[in-house]
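# Notes for the structure review
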Amino acid sequence: MNVREQTVNAIRILSAEAIQKANSGHPGLPLGSAPIGYELFSEFLKFNPKDPKWDDRDRFILSAGHGSMLLYSLLYLFGYDISKEDIMNFRQLGYKTPGHPEYGHTPGVETTTGPLGQGIANAVGMAMAEAHLAAIFNREGFPIVDHYTYALCGDGCLEEGISYEACAFAGSNKLGKLILFYDDNDITIEGDTDVTFTEDIPTRFKAQGWQVLKVDDANDLDAIKRAVRKAKADKEHPSIIICKSVIGYGSPLAGSESCHGAPLGEENLKKTKEFFGWNYPPFEVPDEVLDHCRTIARKGAAKQGKWKRLFKEYAVAYPDLAALYKEYMSKDLPDLKNMQSLFEFAKPDATRGTSSTVLNKLAEIIPNMIGGSADLGPSNKSVMKKYKDFSASDKSGSNVHFGIREHAMAAIANGLQLHGGLRAYCATFFIFTDYMKNAMRLSALMHLPVTYILTHDSIGVGEDGPTHEPVEQLIALRSIPNMKVYRPADGKETAAAWISALTGNCPTCLVLTRQNLPQYENSGLDALKGGYILSDSKKPVPDVILIGTGSEVEQCMQAKDILATKGVDARVVSMPCMEEFEKQPLAYKESVLPSDVKARVCVEAGSPYSWYKYAGDYGEIIAMNSFGASAPAKQLFELFGFTADNIVEKAFRSINKL
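Strand order in the open sheet formed by five strands is β14-β16-β15-β17-β18, with mixed pairing between adjacent strands. Of all the strands in the sheet, just β14 (532-535) and β18 (620-622) have a single pairing partner and so form its edges. Mean inter-strand twist for the sheet, computed between neighbouring axes without regard to direction, equals 25°. Contacts between helix α24 (residues 644-657) and the sheet are confined to β15 (544-548), β17 (600-603) and β18, with β18 contributing the most and set at about 160° to the helix.

In structure tokens, the structure reads:
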């Protein structure tokens, strides 16, 4: 047995042993796909395990994240900062080998995967980022951005709708440096794919503009090598390499769903080792295998050294471009808080409009912004007017036409952000976050500062009716840990929301109106605190506090004036971002919402469930307890009680409870 075959078997056995010891995991994929992983890492992948974040490394994404032990075995053998103890403690607390790959937790893991299909879309975003940066920075003789994005998926990934969306986008935009391995083993949890998945995959991908390559036996290392070479030779089309494999190869459970998501069992593991002639103690790998893998890894380090020397020459030949490249790769930003021009708005405007104004001012000073809409750019007002469009023929453009592909759009934006060097945003109607939710959740899980521009934020959508009027979406997004949800009341709050989005370490949702709103004199940077006093009472202690977000702040301000004529002194608090308000010191929160002021009215044209902690036992909540309706927006706000008069009535009701 040569060292290549021995290394493939080491990947298989390490994976099976770790899963058996954990009594939990998915051995089928690692046993079947180990040759794919080995051939990629040993012959093609450009990487340096000592510097896993090297800019010009190739990216490898295990979209079928349940097969995580395949990736961990590869990373361990090829010298990443993963120890034998990590392998031995697969799925255990405190180790670098969680059940599914987690970005930021395990060196060498490029993105968090597990929800099927997400990794494919992330890979599309990374390939897009590489193409975009290459178009901007590369010059003849200086390919400083020149790497591939590889992904490995299974039947489940391709069954998910997000894969159709993402792969269609990749084909349309000719992302030729994207290579997808398809572990074609015909098995899912419920058994043979004949019952659910009989489509012609080669024809599907060809129709989507991909090069289609086949490997009839996934154990044939040379065939895999030939296929990858053909894939790399075609720069015009992304490539899928369909590798016919056997799930659980080499085990008594080979070809059966029984080995998909459960350990082999001690007796079956023993027989698997016998099949491969593996006579080493548990978790032991022969020295020749480790030496072989570490030698390959050192070649990767040498490639990085060569790239560094090339960049030094590039900096001499193109000093301005080199400086711009460093600016792209840096996380530093100008002092946005002190840029007064971001906070200048002359007249009432929808917050989608003020967002557009801010976005375009930011684009003038932050060159590496990239993003677009799911075919709603004119409605979302998400276009950077001085930038070109990203396309198959011009990848230097920064405005992206994602098409009507909300789910893939969000996951592609994650990939753009993960790649490095770019600041990603995407846009759609707020109601369609339901299509995007899984990718948005992963943004939060990975601490990715993706900005989501979400317009048409309430029953203010009006005539389009309840199918397009968000009700429960605010509470859904607010419930995601590490997600900021801003619903600004005017232009200055919108500017603050953008600043918060660009300077944070988590995703931010900008929930914006279609209808015009007034500009308030006292709004501004205080919105960065999430909640603040927009208009205070004349008394040291107000009689009632009116709390609103977005468009409903206007009705709160009107109600304050009416209450004053009735001898009631009200404070108006704008609460554009609950998540940021909750981070503030207790003393600040108490100064805004004094605990001894029990009379309160909370007003928001969405679900009431966010508001009970702020309303307290005596407060009133004006919110949506039903779906909306189809009618002009003004009529709907009156119908559902979002009026100054109703706020006044609820204020007296709250006061009278005391």
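The next subject is the packing of aromatic side chains. Per the stated rule, a full pass over the model turns up 32 aromatic pairs. Look at Y249 and F276: their rings are 5.9 Å apart centre to centre, the planes differ by 55°, and that puts the pair in the tilted class. Placement of the pair is Y249 in the loop between β7 (239-244) and α10 (266-275) and F276 in the loop between α10 and α11 (287-317), with a sequence separation of 27 residues. When the centroid spacing of 5.0 Å and the interplanar angle of 90° are considered together, the rings of F275 and F276 count as edge-to-face. The ring of Y148 carries the charged tip of K177 above its face, separated from the ring centre by 5.3 Å.

The terminal C-alpha atoms of helix α1 (residues 3-22) lie 28 Å apart, and with 20 residues this matches the ideal 28 Å at 1.5 Å per residue to within 8%. Where α1 begins, the side chain of N2 points an oxygen toward the backbone nitrogen of R4, at a separation of 3.1 Å. Just past α1, the residue N23 takes up positive phi, approximately 55°.

The next subject is the nonpolar core. Core analysis: the biggest nonpolar cluster contains 145 residues, and L77, Y150, F181 and I241 have the highest contact counts within it. Of the residues forming this core, the biggest block, 13 residues, is contributed by helix α5 (residues 118-137). In this view, F181 contacts I36, L40, Y150, A151, L152, C153, I224, V228, I241 and C243; residues no more than four positions away in its chain are not counted. Within the second largest apolar cluster, 45 residues are counted, among which are L362, I453, L534 and V573.

Moving on to a positive patch on the surface. There is a patch of like positive charges on the surface, built from K306, K308, R309 and K312. Take R309: it is sitting in helix α11.

Moving on to α5. Helical periodicity: at 3.6 residues per turn, an α-helix aligns residues three or four positions apart in one direction. Between its first and last C-alpha atoms α5 spans 29 Å; for 20 residues at 1.5 Å apiece the expected length is 28 Å, and the two agree. Counting buried positions along α5 yields 19 of 20 residues, so the element is predominantly enclosed.

Turning our attention to the pairing of β15. Judged by how many residues are buried, β15 sits mostly within the fold: five of five residues are covered. Residue alternation in β15 divides its side chains into two sets, V544, L546 and G548 and I545 and I547, and both sets are buried. By the bridge criterion, five bridges tie β15 to strand β16 (residues 570-574) in an arrangement that is parallel. Residue V544 lies in a different strand from β16, and its bridge partner there is A570. A crossover connection joins β15 to the parallel β16 through helix α19 (residues 552-565); in handedness this β-α-β unit is right-handed. By the bridge criterion, four bridges tie β15 to β17 in an arrangement that is parallel.

Next up on the list: the sheet that holds strand β13 (residues 508-511). If you trace the six strands from one edge of the open sheet to the other, you get β9-β8-β10-β11-β13-β12, paired in parallel fashion. Because the sheet does not close on itself, it has two edges, and the strands there are β9 (399-401) and β12 (484-486). Sheet twist, expressed as the average angle between the axes of neighbouring strands with direction ignored, equals 20°. For strand β10 (residues 423-429) and strand β11 (residues 451-455), the ladder comprises five bridges, and the chain directions are parallel. Among the inter-strand pairings, C426 is bridged to a residue of β11, identified as Y452. Against the sheet, helix α13 (residues 351-365) engages β8 (369-373), β10, β11 and β13, with an angle of about 150° to β8.

At a closest axis distance of 8 Å, the pairing of helix α7 (residues 161-172) and helix α15 (residues 406-419) adopts a crossing angle of 65°. When the interaxial angle is binned, α7 and α15 end up roughly perpendicular. Crossing hand, α7 versus α15: right-handed. The residues of α15 that touch α7, namely those facing I162, E165, A166 and F169, are E406, H407, A408, A411 and I412. A class-by-class count of the residues in the contact of α7 with α15 yields six nonpolar, one polar and two charged.

Moving on to the side chain of K273. Its place among the elements puts K273 in helix α10. The exposure class of K273 is buried, given its relative accessible area of 14%. When residues no more than four places from it in sequence are discounted, the contact partners of K273 are I13, E17, W278 and P282.

Secondary-structure assignment places D58 in the loop between α2 (28-44) and β1 (59-62). Since its relative accessible area comes to 5%, D58 is described here as buried. Not counting residues up to four positions away in its chain, the partners in contact with D58 are F44, L45, K46, E110, H147, Y148 and Y150. Side-chain polar atoms of D58 contact the backbone nitrogen of K46, separated by 2.8 Å. A polar contact is formed between the side chain of D58 and the backbone nitrogen of Y148, at a distance of 2.7 Å.

What counts as what
Residues numbered from 1 in each chain as written. Predicted model: local features only at pLDDT ≥ 70, side-chain atom pairs only at ≥ 80, totals over all residues. Heavy atoms only, no water. Pairing = 2+ DSSP bridges. Helix = DSSP H or I, 4+ residues; strand = E, 2+ residues; numbered from the N terminus. Axes fitted to C-alpha atoms, helices over the stretch in contact; angles between N-to-C directions. Contact = heavy atoms within 4.5 Å. Phe/Tyr/Trp six-rings, centres within 6.5 Å; stacked < 30°, edge-to-face > 60°. Lys NZ or Arg CZ within 6 Å of the ring centre and 35° of its normal. Expected span 1.5 Å × (residues − 1). Polar contact = N/O pair within 3.5 Å; in protein donor to acceptor, adjacent residues only side chain to side chain. Core = buried A, V, L, I, M, F, W, Y, C linked by side-chain atoms within 4.5 Å. Buried < 20%, exposed > 50% of the residue type's maximum accessible area, 1.4 Å probe, protein only. Patch = residues over 30% accessible without salt bridge, like charges linked within 9 Å, V, L, I, M, F, W, Y side chains within 5 Å. Areas by Shrake-Rupley, 256 points an atom, 1.4 Å probe, with all protein chains shown as cover. Salt bridge = Lys/Arg side-chain N within 4 Å of Asp/Glu carboxyl O. Lys, Arg positive; Asp, Glu negative; His and termini not counted. Charge placed at Lys NZ, Arg CZ, Asp CG, Glu CD. Right-handed = clockwise from strand over helix to strand, strands pointing away. Parallel < 35°, antiparallel > 145°, perpendicular 65-115°, else oblique. Left-handed = near helix turned anticlockwise from the far one by under 90°. Nonpolar A, V, L, I, M, F, W, Y, C, P; charged D, E, K, R; others polar.

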